Number of protein chains: 2
Amino acid sequence: MANPGGTERTKLNRISYKASHEVSDLYSVLDSNLVAHVALVQDGKPLVIPMAYGRVDDIIYLHGSSGSRLMRLLQNEPDVCVSITDLTALKVARSTFNSGMHYRSVVIFGRASLVSDEKKDEALNALSDAMIPGRVAEVRASTKKELAATVIVSLPLDECSVKISVNEVDDDEGDLNQGTWAGIVPFVTTIGEPIPADDEAAGLEVPASVRNLAKRP
Amino acid sequence: MANPGGTERTKLNRISYKASHEVSDLYSVLDSNLVAHVALVQDGKPLVIPMAYGRVDDIIYLHGSSGSRLMRLLQNEPDVCVSITDLTALKVARSTFNSGMHYRSVVIFGRASLVSDEKKDEALNALSDAMIPGRVAEVRASTKKELAATVIVSLPLDECSVKISVNEVDDDEGDLNQGTWAGIVPFVTTIGEPIPADDEAAGLEVPASVRNLAKRP
């Protein structure tokens, strides 16, 4: 069960005011992003790779080609650490020391589990719909060959932390009234106009799944 | 020296058309992003944490509080793997299998090096100016106390890979003319209107460093 910050290694000691223990915050960060950075240990050394992911209830799915080095590592069910980060603003203070960032981030610890062949189709559909809600109903089913070429692993949200940094600029008193500007510079990510793939697509209406991406949290 | 894709573990074997060996691409990805996912091995298990970074020539700097667990790990100069990823679009094909993402990503392997006390001020300024070009000249110098509270490590770009995925939708022939839309859905990140920290800041002009952030590549 998802329990943000509930274990020793997910507890924030130093800046505990940034920790969230709310499952709703955990879901919000996971459901508004698309790329996870997945770390594992290979030959005793760290490896971290960006991957698409999708949350379904209290797990996240990661998928890739059965031919990829990374998926061969993941299907051996290693310990992994996964980080998802949303940079929302720069905090520009009157000193470099007090400057920083606004962000929302999740770190998940656990062991990857290989999704069995029997459950692969269901998991792949769930992952696809987590990424582009409603898309699965708009396209044909996956073929046996496609499923065979795909590896999916799941990771439970049992051990995770959520960090939300939104604090105001907090300058030293001595830095005030020296003529230096300070403030928050927000980053805004939006969905641009969809670009049809070809003449056929240009003649078709943009589907609901794609239109609704603009409403993602 | 930066040499993208020049070693065994940075060579892309399977999807080699996505690999870039151009130093200009490496710099472009590093200079247009602000957050790196930094992975290391702790007690035999992977750990990955988002961190602000800045590139200066052929190294990146990472910094944090001397009180943080992560910086205590990094100042011991462990092997690290660092990934920086820019999601630029969703590739929405006529099947889930052929769908994917457009992205630009860098993965760096190496060993963190602790920046000595003598070089910390210079490194911190270089890091700050890499993140917000020109900001250092607009604020006061760091104090001795601030420098003492900060740990900076550097990582050379000697071993890295650059992956750029911008390929068009490539559907199976049998999926065409079935009435299914396909295309590219771009993500656009912009800088919002700066929000002054307080009354004093509201009365001052937004400085050049902040205004120029909108021109970042």
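Residues numbered from 1 in each chain as written. Chains lettered and ligands numbered in written order. Predicted model: local features only at pLDDT ≥ 70, side-chain atom pairs only at ≥ 80, totals over all residues.

All right, on to the overall build of chain A then. When helices and strands are counted, chain A shows 6 helices and 11 strands. Scored against the burial criterion, the 217 residues of chain A give a buried share of 41%. The long-range fraction of contacts in chain A, counting pairs at least 24 apart against all pairs at least 6 apart in sequence, stands at 72%. (Helix = DSSP H or I, 4+ residues; strand = E, 2+ residues; numbered from the N terminus. Buried ≥ 20, exposed ≤ 12 C-beta atoms within 10 Å, placed from the backbone. Contact = placed C-beta atoms within 7 Å.)

Right, let's talk about the interface of chain A and chain B for a bit. Every contact between the two is made by 73 residues of chain A and, on the other side, 72 residues of chain B. Put simply, the parts of the chain that give the side of chain A that touches chain B at least two residues each are strand E2 (35-42), strand E3 (45-56), strand E5 (79-92), strand E6 (100-111), helix H3 (117-131), strand E10 (183-191), strand E11 (195-196) and helix H5 (199-203) of chain A. Of all the elements, E10(A) adds the most residues to the side of chain A that touches chain B, at 9 residues. Broken down by class, the residue content of the side of chain A that touches chain B amounts to 44 nonpolar, 19 polar and 10 charged. As defined by bridge partners, E10(A) adjoins strand E10 (residues 183-191) of chain B across 5 bridges and the pair is classed as antiparallel. Counterpart to A:Val188 in the pairing with E10(B) is B:Thr190. (Nonpolar A, V, L, I, M, F, W, Y, C, P; charged D, E, K, R; others polar. Pairing = 2+ DSSP bridges.)

Here the focus is the pairing of E5(A). Residues and elements named next belong to chain A. Within E5, 10 of the 14 residues are buried, which leaves it mostly tucked inside the rest of the structure. Taken together, the 4 bridges between E2 and E5 define a ladder with antiparallel strand orientation. Across the sheet, Val 38 pairs through a bridge with Val 82, a residue of E5. Bridge analysis of E5 against E6 gives 12 bridges, and the strand direction is antiparallel. The partner of Lys 91 across the bridge, within E6, is Gly 100.

All names here are of chain B. By the element assignment, Ala 149 lies in the loop between helix H4 (144-148) and strand E8 (150-156). In this structure Ala 149 comes out as partly exposed when scored by C-beta crowding, with 14 C-beta atoms within 10 Å. Along the sequence, Ala 149 and Asn 167 sit 18 residues apart, while their C-alpha atoms lie 46 Å from each other. Apart from residues lying up to four places away in sequence, Ala 149 is in contact with Ser 65 and Ser 66.

Before going further, it helps to examine unusual backbone geometry. Backbone phi values are negative for most residues with the exception of glycine, while trans is the configuration of most peptide bonds. All names here are of chain A. Despite not being glycine, Asp 43 shows a phi value in the positive range, around 50 degrees. Inspection of the secondary structure puts Asp 43 in the loop between E2 and E3. Residue Asp 57 is not a glycine yet carries a positive backbone phi of 50 degrees. Relative to the helices and strands, Asp 57 resides in the loop between E3 and strand E4 (59-65). Accessibility expressed as a C-beta count within 10 Å gives 11 for Asp 57, which makes it exposed.

The next subject is the relation of the copies chain A and chain B. The operation relating the pair of chain copies consists of a rotation about an axis and a translation along that axis. Turning chain A through 180 degrees and shifting it by 0.0 Å along the axis lays it on chain B, with an RMSD of 0.0 Å. Such a turn and shift between the copies fits a two-fold axis. Ranked by how close their C-alpha atoms come to the rotation axis, the residues of chain A are headed by A:Thr189, at 2.1 Å. Taken as a fraction of all interface residues of chain A, those also at the interface in chain B reach 99%, which identifies the copy contact as same-surface. (Least-squares fit on C-alpha atoms with pLDDT ≥ 70 in both.)

This next bit is on the pairing of E2(A). Residues and elements named next belong to chain A. The element E2 is largely enclosed, with a buried count of 6 among its 8 residues. Note that E2 and E3 share 8 bridges and pair antiparallel. The partner of Gln 42 across the bridge, within E3, is Lys 45. Between the end of E2 and the start of E3, which pair antiparallel, lie 2 residues, with Asp 43 showing a positive phi angle near 50 degrees.

Attention now moves to the nonpolar core. Ranked by internal contacts, the top residues of the largest apolar core, which has 116 residues, are A:Val38, A:Ala39, B:Val38, B:Ala39 and B:Leu62. Beyond its immediate chain neighbours, meaning those up to four positions away, B:Leu62 contacts B:Ala36, B:Val38, B:Met51, B:Tyr53, B:Leu74, B:Val153 and B:Leu155. (Core = buried A, V, L, I, M, F, W, Y, C linked by C-beta atoms within 7 Å.)

Here we come to the environment of B:Arg104. Residue and element names in this part refer to chain B. Within the secondary structure layout, Arg 104 lies in strand E6 (residues 100-111). Once the C-alpha coordinates of Arg 104 and Lys 120 are considered, the two residues, 16 residues apart in sequence, prove to be 31 Å apart. What Arg 104 contacts, discounting residues up to four positions off in sequence, is Val 29, Asp 86, Thr 88 and Ile 164.

Here we come to helix H3 (residues 117-131) of chain B. Residues and elements named next belong to chain B. The first and last C-alpha atoms of H3 sit 21 Å apart over 15 residues, in line with the 21 Å expected at 1.5 Å per residue. Those residues of H3 not exposed but buried are Ala 123, Leu 124, Ala 126, Leu 127, Ser 128 and Met 131. In this structure, the buried side of H3 is in contact with strand E3 (45-56), strand E4 (59-65), H4 and E8. (Expected span 1.5 Å × (residues − 1).)

Residues and elements named next belong to chain A. Summary statistics for chain A give a mean pLDDT of 94 and a share of 99% for residues scoring 70 or more. Put simply, strand E1 (residues 19-20) is where chain A has its lowest mean pLDDT, 86, and E11 is where it has its highest, 98. Overall fold confidence for the complex sits at a pTM of 0.95, while the interface term, ipTM, reaches 0.94. (pLDDT = per-residue confidence, 0-100.)

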